[in-house]
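# Structural overview for review
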Amino acid sequence: MITLLWAVLAVIVLIVLAIGLWFLKAIVQGALEGWRGGGSEETDGSDEPDGTYELPEECAALGLLPPDRQNTDSASPVPAELTAALDAVARGEWEPAAELLGRTAAGRDWENRSSYAFELGAKAAEDDTWLLAWETARPDDPDAAVVRARSTVCLAWDIRGGKRAQYTTSEQFRGFHATLQRSRAETERAAELNPEDPTPYITEIWAALGLGHPHAEMERIWAAITERAPYHYEAHFSAVQYWCKKWRGSHELARAFAADAAAQAPLGSLLTVFPLIVHFEHDETTDEEVDRTPEMVALVDAALVDVAAADPAHPRLAEVRHLLAYYLSLQDRDEAAVEQFRLVDGYVGALPWRYRAEPAAEYCSLRDQSVRAAPPAA
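Reading the values: rules and limits
Residues numbered from 1 in each chain as written. Predicted model: local features only at pLDDT ≥ 70, side-chain atom pairs only at ≥ 80, totals over all residues. Heavy atoms only, no water. Axes fitted to C-alpha atoms, helices over the stretch in contact; angles between N-to-C directions. Helix = DSSP H or I, 4+ residues; strand = E, 2+ residues; numbered from the N terminus. Parallel < 35°, antiparallel > 145°, perpendicular 65-115°, else oblique. Left-handed = near helix turned anticlockwise from the far one by under 90°. Contact = heavy atoms within 4.5 Å. Nonpolar A, V, L, I, M, F, W, Y, C, P; charged D, E, K, R; others polar. Buried < 20%, exposed > 50% of the residue type's maximum accessible area, 1.4 Å probe, protein only. Arc of directions from axis to C-beta. Expected span 1.5 Å × (residues − 1). Polar contact = N/O pair within 3.5 Å; in protein donor to acceptor, adjacent residues only side chain to side chain. Phe/Tyr/Trp six-rings, centres within 6.5 Å; stacked < 30°, edge-to-face > 60°. Core = buried A, V, L, I, M, F, W, Y, C linked by side-chain atoms within 4.5 Å.

Our next topic: the packing of helix H13 (residues 274-282) against helix H15 (residues 317-330). Between H13 and H15, the least distance of the axes is 11 Å, while the angle of their chain directions is 65 degrees. Taken together, the axes of H13 and H15 lie roughly perpendicular to each other. Handedness of the crossing formed by H13 with H15: left-handed. Residues Leu276, Ile277, His279 and Phe280 of H13 lie in contact with H15, whose contacting residues are Leu323, Leu324, Tyr326 and Tyr327. Among the residues making up the contact of H13 with H15, the classes are represented as seven nonpolar, one polar and no charged.

Moving on, we come to unusual backbone geometry. Residues Leu351 and Pro352 are joined by a peptide bond in cis, for which omega reads 0 degrees. One non-glycine residue, Asp332, lies in positive phi territory at about 60 degrees. In this fold, Asp332 is placed in the loop between H15 and helix H16 (334-344). Exposure remark for Asp332: the relative accessible area of 51% places this residue in the exposed category.

Attention now moves to the environment of Leu62. As for its placement among the helices and strands, Leu62 is situated in the loop between helix H2 (57-61) and helix H3 (80-90). Spatially, the C-alpha atoms of Leu62 and Val338 are 9.7 Å apart, while their sequence positions differ by 276 residues.

To continue, consider the side chain of Gln340. Summarising the element assignment, Gln340 is placed in helix H16. Given a relative accessible area of 4%, Gln340 falls into the buried group.

What follows deals with the environment of Ala133. Looking at where Ala133 falls in the secondary structure, it is placed in helix H6 (residues 129-137). On the basis of relative accessible area, Ala133 is assigned to the partly exposed category, the value being 31%. Residues Ala133 and Glu93, spaced 40 residues apart in sequence, show a C-alpha to C-alpha distance of 8.7 Å.

Looking now at H6. Of all the positions in H6, only Trp130, Leu131 and Trp134 are classed as buried. Projected onto a plane normal to the axis of H6, the buried residues spread over an arc of 100 degrees and lie on a single side. Away from its buried face by more than 90 degrees, H6 exposes Thr129 and Thr136. Along its buried surface, H6 packs onto H3, helix H4 (95-106), helix H5 (110-126) and helix H7 (142-160).

Quick look at H7 now. Helical geometry: 3.6 residues make up each α-helical turn, so side chains three or four residues apart lie on a common side. The end-to-end C-alpha distance of H7, which contains 19 residues, comes to 27 Å, matching closely the 27 Å that a straight helix rising 1.5 Å per residue would cover. Residue Asp141 occupies the N-cap position of H7, its side-chain oxygen lying 2.8 Å from the main-chain nitrogen of Asp143. Positive backbone phi, approximately 85 degrees, marks Gly161, located one or two places after H7.

Turning to the packing of aromatic side chains, a few remarks are in order. All told, the structure shown has 15 aromatic pairs when counted by the stated rule. A ring pair is formed by Tyr326 and Tyr327, whose centres lie 4.9 Å apart and whose planes are at 70 degrees; its orientation type is edge-to-face. The residues Tyr326 and Tyr327 share a single accessibility class, namely buried. Each ring, one from Phe341 and one from Tyr363, has its centre 5.4 Å from the other, and the planes form 75 degrees; the classification is edge-to-face. Highlighted residues: Phe341 in helix H16 and Tyr363 in helix H17 (residues 359-373), separated in sequence by 22 residues. For Tyr363, a relative accessible area of 0% corresponds to the buried category. Grouped by ring-pair contacts, the aromatic residues Phe280, Tyr326, Tyr327, Phe341, Trp353, Tyr355 and Tyr363 constitute a single cluster.

Time to look at the packing of H16 against H17. In contact at an axis separation of 8 Å, H16 and H17 are set at 135 degrees when each is read in the N-to-C sense. Considering the angle they form, H16 stands oblique to H17. Crossing of H16 over H17 shows left-handed handedness. Packed against H16, whose contacting residues are Asp334, Ala337, Val338, Phe341 and Val344, the element H17 presents Tyr363, Leu366, Arg367, Ser370, Val371 and Ala373 at the interface. Looking at the contact of H16 with H17 residue by residue, the class counts come to eight nonpolar, one polar and two charged.

Among the nonpolar cores identified, the biggest contains 65 residues, and Phe274, Leu276, Ile277 and Tyr327 are the most heavily contacted of them. Residues contacting Phe274, with those up to four places away along its chain left out, are Tyr233, His236, Phe237, Val240 and Ala258. The next biggest cluster of nonpolar side chains, apart from the first, holds 21 residues, and it includes Leu82, Leu120, Val146 and Ala190.

By themselves, these figures tell us nothing about what the structure is for.
Here it is as structure tokens:
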């Protein structure tokens, strides 16, 4: 009997010791984590204990804005003519959109045409009543046709959603693939109605990406684009996405594509940014040293020269400035980074910020670091 009692007591003692050791481990780990985080008081851009943001005096002096005043939908101010067209279609009026796209076609302004068609197509993916009215009034209008093709591709991606494949349902995938298949006839029709326009083929890249078309098909599409607009920024951005590892290519294929584009493009085309974009898309490390190598510094320098030569009205200029600000800051080239930040402040709908959960907060955090580190203006 006594032996049994001692056995029970021994078990109880062991359990108590185990619990005590577990609590001791938790306390020690907590202390260590607190020590490790002790030097990162300003990582959220705030000096406040509750994490609320306070705009640094240095940033306020430069006229820079806090996170709650950053536009997360655009990389730069939306052109007034596009805003007017979008407001009109929201009221059910298609005519301003038709006039706007008609001007881009007449002026062979393919950069703005593809951008405007995308924005109008995204609106039609939500409600296409106005587009149906446009198509009824002008059945063979190439401008309506290019918006319709864009709209169907936008709708397909809306159906899929923005989550990774493992978090996307089979029903979403079925709707996504069926809608992309439908878009193929629409992009073909848009191309037939305006054979000079590269926009239908740029739209087709996103269908090829989503449907997993083989590389030979992508090369066919690319040949059609470069025949019409060899240095088109959005076309190159779309193609880089196709060639990335996360979609239908690899890091090597995307890097080769970007390097070739940068080498062949004239200054001012902004295509020198694509090696940086490929690096960003495939960088899975947390080691910032990979962004400070001589090769990366040279890529940033090349893009700076390209930006300096670009038309100030280039519709994609701000997107490049955002990425330059990011990498200049990571390379501790803070004075140059601040120059880029000042030129884009107020808008954060661009890489790298739009890939972040809190784009405005991420942007302001890095911007504020560079402003503090940069030498004071003379």
